Amino acid sequence: HIRHIAAAGIPGFTQITPYVHEGEGDPRFLHLYEFDSDDPEATFASMPGLVAPRLGGQDSLAFEEWADLRAAGGYTVYVNTFALLGARDVDD
């Protein structure tokens, strides 16, 4: 999954860091996506459209399998967007 995102060279993506849970708990995996974008939500939302051509388009079986984490036994537990402290005006 991550290799297709990295290979797409999505503007604003600077790093994807995968982690695996050391114990038996849930979630099993954690992926942190880092962006150097003024609009991280838009950057994240652009990902499927930029990965799709690499997999034969949004109607291809390869893209469907990539986009459906459930096919590989995965699922999304939590998604949120954070800004680096000091990068924006944030009340501490």
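Below is a summary of the structure that appears in this document. Position numbers for residues start from 1 in each chain and track the written sequence from start to end. Side-chain atom pairs in this predicted model are given and counted only at pLDDT of 80 or more, local residue features only at pLDDT of at least 70, and totals for whole chains, interfaces and linings cover all residues. To get the side-chain values, take all heavy atoms of the structure and skip hydrogens and water.

## Some details on the layout of surface pockets
Moving on, step 1. Detection works on a 1 Å grid of protein atoms alone, calling trapped sets that fit a 1.4 Å probe cavities and calling open sets with protein on both sides within 12 Å along at least five of seven lines pockets, with lining residues defined by an atom within 4 Å of a point. Grid points are joined across faces, edges and corners, and a volume is the space filled by probe spheres set on the points. Empty space within the largest pocket amounts to approximately 1600 Å³.
Moving on, step 2. For the largest pocket, the lining is made up of 42 residues, of which His31, Leu32, Tyr33, Phe44 and Tyr78 are closest to its centre.
Moving on, step 3. Secondary structure counts use DSSP, requiring at least four H or I residues in a row for a helix and at least two E residues in a row for a strand, with both numbered from the N terminus. Here the element with the most residues in the lining of the largest pocket is strand β2 (residues 29-35); it accounts for seven residues.
Moving on, step 4. Residues are sorted three ways: Asp, Glu, Lys and Arg are charged, Ala, Val, Leu, Ile, Met, Phe, Trp, Tyr, Cys and Pro are nonpolar, and all the rest, Gly among them, are polar. Considered class by class, the residues forming the lining of the largest pocket number 24 nonpolar, ten polar and eight charged.

## Brief notes about a nonpolar patch on the surface
Moving on, step 1. Here a patch means residues that are over 30% exposed by relative accessible area and free of salt bridges, tied together within 9 Å if like-charged and within 5 Å if nonpolar (Val, Leu, Ile, Met, Phe, Trp, Tyr). All accessibility values rest on the Shrake-Rupley procedure with a 1.4 Å probe; residue burial counts only the protein chains present in the view. By definition, a salt bridge exists where a carboxyl oxygen of Asp or Glu is found within 4 Å of a side-chain nitrogen of Lys or Arg. The grouping of Tyr75, Val77, Tyr78 and Phe82 at the surface amounts to a nonpolar patch, some 530 Å² of accessible area in total.
Moving on, step 2. Structurally, the position occupied by Val77 is in the segment after α3 (61-67).

## Looking at a negative patch on the surface
Moving on, step 1. Counted as positive: Lys and Arg. Counted as negative: Asp and Glu, with His and the chain ends omitted from the count. One atom stands in for each charge, and that atom is NZ of Lys, CZ of Arg, CG of Asp or CD of Glu. Together, Asp36, Asp38, Asp39 and Glu41 make up a negatively charged patch on the protein surface.
Moving on, step 2. Mapped onto the elements, Asp39 comes out in the loop between β2 and α2 (40-51).

## Re the side chain of Thr17
Moving on, step 1. By secondary structure assignment, the location of Thr17 is in strand β1 (residues 13-20).
Moving on, step 2. We define a polar contact as two N or O atoms separated by no more than 3.5 Å, with the added condition that, inside protein, one atom must be a possible hydrogen donor and the other a possible acceptor, whereas residues neighbouring each other in sequence contribute only through side-chain atom pairs. Of the polar contacts made by the side chain of Thr17, one reaches the side chain of Gln15; its length is 2.9 Å.
Moving on, step 3. In what follows, a contact means two residues having at least one pair of non-hydrogen atoms within 4.5 Å. For Thr17, the residues in contact, after removing those within four places along its chain, are Leu30, His31 and Leu32.

## Some details on the environment of Gly12
Moving on, step 1. Tracing the backbone through its elements, the reader meets Gly12 in the loop between α1 (2-8) and β1.
Moving on, step 2. Once the C-alpha coordinates of Gly12 and Ser37 are considered, the two residues, 25 residues apart in sequence, prove to be 5.1 Å apart.
Moving on, step 3. Not counting residues up to four positions away in its chain, the partners in contact with Gly12 are Glu34, Phe35, Asp36 and Thr43.

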